[in-house]
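Residue strings, one per chain:
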Amino acid sequence: MEILVTGGAGYIGSHTCVELLNSGYDVIVVDNFSNSKPESLRRVEEITGKHLKFYESDILDKAILEKIFSENNIEAVIHFAGFKAVGESIKTPILYYHNNITGTLILCTEMKKHNVKRLVFSSSATVYGMPKSVPISEYFPLSATNPYGRTKLMIETILQDMYSSDKEWSIAILRYFNPIGAHQSGRIGEDPNGIPNNLMPFITQVAVGKRDKLNIFGGNYATHDGTGVRDYIHVVDLAKGHLSALEKIMKTSGIEPYNLGTGVGYSVLDLVKNFEKATNKKIPYVITAPRLGDIAKCYANPIKAKTILKWSAQKNIQDMCIDAWRFQVNNPNGY
Ligand code: NAD
Ligand code: WQD
């Protein structure tokens, strides 16, 4: 079965391509390398010993998408392509709205035209805005606090409207919590440009000596140790969640959101301690002012994915730390 993976060279996309190829799917990737390198796809082939088809293209390019759908027998699309940096989205909102929303509109237009109506979409726990309580269930009210989050929220609405107008669509909206870690081989992982925005890549760069210390954003939150609590999920577990969602949408029509998280929250200090234990590396840190827009606690109620998709996260926080560190050590300067 041929699956089109947009943004397949990126962090989550590359891990998902590995799982798809290992499960016998034929994988077609479209990526413009705006935030990734061709090397990640070469390594996906190396890990799996299988070939994938690849188009170096922008999903904003309608003509290329037309060609991709005409040349292949695509049955479903997993849509990762998009920009994801919250701070950058505040500085360049038009770029974010255009790439994420226009990109999705062009993709869906071409899908409909070619009668491909099965879609797995990368959403985010960011659509819960400032949740009133934790754990967070799918029926919690949705809101967004920055342009990036609004792109995800708007796309979710667009997909809902699309389904309302044509009940043949079958769509899984996957709301990821905090993906970290890397493939066990140490060959693919997270390779951020410049100074990492996210916690785990910052920690691994401190551990490898690229940065002198971690700045912990806020030490007075209403959490067990005052630092922010998140639901960290191993990227390989997350990738497997896409296969479960794919199996589900192949069998039914409809549109459903699913939280992909572990259901367990760890604070920044918990993660630092677990990383130190897993790697025997000391992480120097200072506690600084909270980051604007951050919340105290965010973790999933993952029951819906467990019940309906028959998926749940298997790897623990130590696995996440060991695997993130292995990728950093093996690739000190990224790909
Ligand atoms: P990533 O940046 O590593 O991957 C995105 C990929 O899409 C990159 O390879 C990039 O080159 C490509 N891309 C971007 N715009 C494109 C375009 N117009 N045409 C073709 N390719 C394009 O990001 P990721 O961490 O793998 O995230 C994948 C998806 O999951 C994104 O939609 C992101 O918003 C979402 N998400 C990520 C996280 C996270 O913490 N990593 C959390 C929740 C949701
Ligand atoms: C985790 C915790 C920080 C960096 C972001 C996006 C979200 C989703 C996932 C895409 C927080 C603290 C961080 C640092 C720190 N992405 N921290 N020092 O903010 O939960 O979620 O990525 O959809 O939309 O907002 O993840 O890794 O940035 O932060 O103390 O240098 O680590 O304050 O408590 P976040 P994160």
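The shown structure was predicted, so the numbers you read here are calculated from the model rather than taken from an experiment.

In this section: the site of ligand 2. Around ligand 2 sit 18 residues, and of these S124, Y148, N215, R230 and D294 come closest. Within the side chain of Y148, an N or O atom sits 2.6 Å from an oxygen atom of ligand 2. Coverage of ligand 2 by the protein chains reaches 87% of its 680 Å² of free accessible surface. Here the element with the most residues in the shell around ligand 2 is strand β8 (residues 214-217); it accounts for four residues. Of the residues contributing to the shell around ligand 2, the split by class is eight nonpolar, seven polar and three charged.

Put simply, V134 and P135 share a cis peptide bond, and its omega is -5 degrees. Following the sequence through the fold, P135 ends up in the loop between β5 (118-124) and α6 (147-165). The phi dihedral of F33 is positive, around 60 degrees, even though this residue is not glycine. Relative to the assigned elements, F33 resides in the loop between β2 (26-31) and α2 (38-48). When its relative accessible area of 14% is taken as the criterion, F33 is described as buried. Within the chain, N280 stands out as a residue other than glycine whose phi angle is a positive 65 degrees. Mapped onto the fold, N280 is located in the loop between α9 (268-279) and β13 (285-288). Taking the relative accessible area as the measure of exposure, N280 reaches 73% and is therefore exposed.

By the element assignment, N259 lies in strand β11 (residues 254-260). A distance of 2.6 Å separates the side chain of N259 from the side chain of Y128, its partner in a polar contact.

To continue, consider the UniProt feature "domain: NAD-dependent epimerase/dehydratase" (unreviewed entry) in the chain. This chain's UniProt record puts "domain: NAD-dependent epimerase/dehydratase" (unreviewed entry) on residues 3-261. Secondary structure over residues 3-261 splits into 41% helix and 20% strand, and the C-alpha atoms at its two ends are 24 Å apart.

In an α-helix there are 3.6 residues to a turn, and that puts residues three or four apart on one side. Taking 1.5 Å of rise per residue, the twelve residues of α9 would be expected to cover 16 Å, and the 16 Å separating its terminal C-alpha atoms lies within 8% of that figure. Here α9 has its buried residues at V268, L269, D270, L271, V272, N274, F275, E276 and T279. Backbone geometry just downstream of α9 places N280 in the positive-phi region, at approximately 65 degrees.

Grouped together as the largest cluster of nonpolar side chains are 40 residues, with contacts concentrated most on I3, V5, L20, V27, L52, L174 and L246. The dominant element in this core, judged by the number of residues it contributes, is helix α8 (residues 235-251), at seven residues. Once residues within four sequence positions are removed from consideration, L246 is found in contact with I3, L20, Y25, A76, I78 and V120. Formed by 26 residues, the second largest nonpolar core is a distinct cluster that contains Y55, I59, I155 and I173.

What follows deals with the side chain of H242. Here H242 lies in helix α8. At 2.6 Å, the side chain of H242 and the side chain of Y176 are in polar contact. Those residues in contact with H242 that lie beyond four places of it in its chain are I12, T16, I78, F80, V120, L174, Y176 and L260.

Turning to the sheet that holds strand β1 (residues 2-6), a few remarks are in order. Ordered by their spatial adjacency, seven strands build an open sheet running β3-β2-β1-β4-β5-β6-β11, and the pairing between neighbours is parallel. The outermost strands of the open sheet, each flanked by one partner alone, are β3 (53-56) and β11. When strand polarity is set aside, the average angle formed by the axes of neighbouring strands in this sheet is 15 degrees. Pairing between β2 and β3: four bridges, direction parallel. The partner of V30 across the bridge, within β3, is Y55. Along the sheet, helix α3 (residues 62-71) contacts β1, β2, β3 and β4 (74-79); its crossing angle with β3, the most-contacted strand, is approximately 165 degrees.

Here is what the cut-offs are and how they apply
Residue indices begin from 1 for each chain and proceed along its sequence in written order. Working convention: letters from A go to chains and numbers from 1 go to ligands, in the order in which they are written. Given that the model is predicted, a residue must reach a pLDDT of at least 70 before its local features are reported, and side-chain atom pairs must reach 80 or more before they are shown or counted; all residues, however, enter totals for whole chains, interfaces and linings. Heavy atoms throughout the structure, all of them, feed into the side-chain values; hydrogens and water do not. Whether a residue is near a molecule or strand is decided by its heavy atoms; if any one of them lies within 4 Å of it, the residue is near. Here a polar contact is taken to be a pair of N or O atoms separated by no more than 3.5 Å, where protein atoms must pair a possible hydrogen donor with a possible acceptor and residues adjacent in sequence count only if both atoms sit in side chains. Methods summary: accessible areas were calculated by the Shrake-Rupley approach with a probe of 1.4 Å, and residue burial reflects only the protein chains presented. Each helix is a run of H or I in the DSSP string that is no shorter than four residues. Each strand is a run of E no shorter than two, and both are numbered from the N terminus. When residues are grouped by polarity, Ala, Val, Leu, Ile, Met, Phe, Trp, Tyr, Cys and Pro land in nonpolar, Asp, Glu, Lys and Arg in charged, and all others, Gly among them, in polar. With a 1.4 Å probe rolled over the protein chains alone, any residue whose accessible area is under 20% of its type maximum counts as buried; one over 50% counts as exposed, and the rest are partly exposed. UniProt positions are given in the numbering used here, feature names are shortened, and annotations may be inferred rather than shown by experiment. In this scheme, a helix's expected span is set at 1.5 Å multiplied by one less than its residue total. We call a set of buried Ala, Val, Leu, Ile, Met, Phe, Trp, Tyr and Cys residues a nonpolar core when their side-chain atoms join them within 4.5 Å. In what follows, a contact means two residues having at least one pair of non-hydrogen atoms within 4.5 Å. Being paired, for any two strands, means DSSP has found at least two bridges between them. Note on geometry: axes are lines fitted to C-alpha atoms, helical ones only across the stretch in contact, with angles between N-to-C directions running from 0 to 180 degrees.

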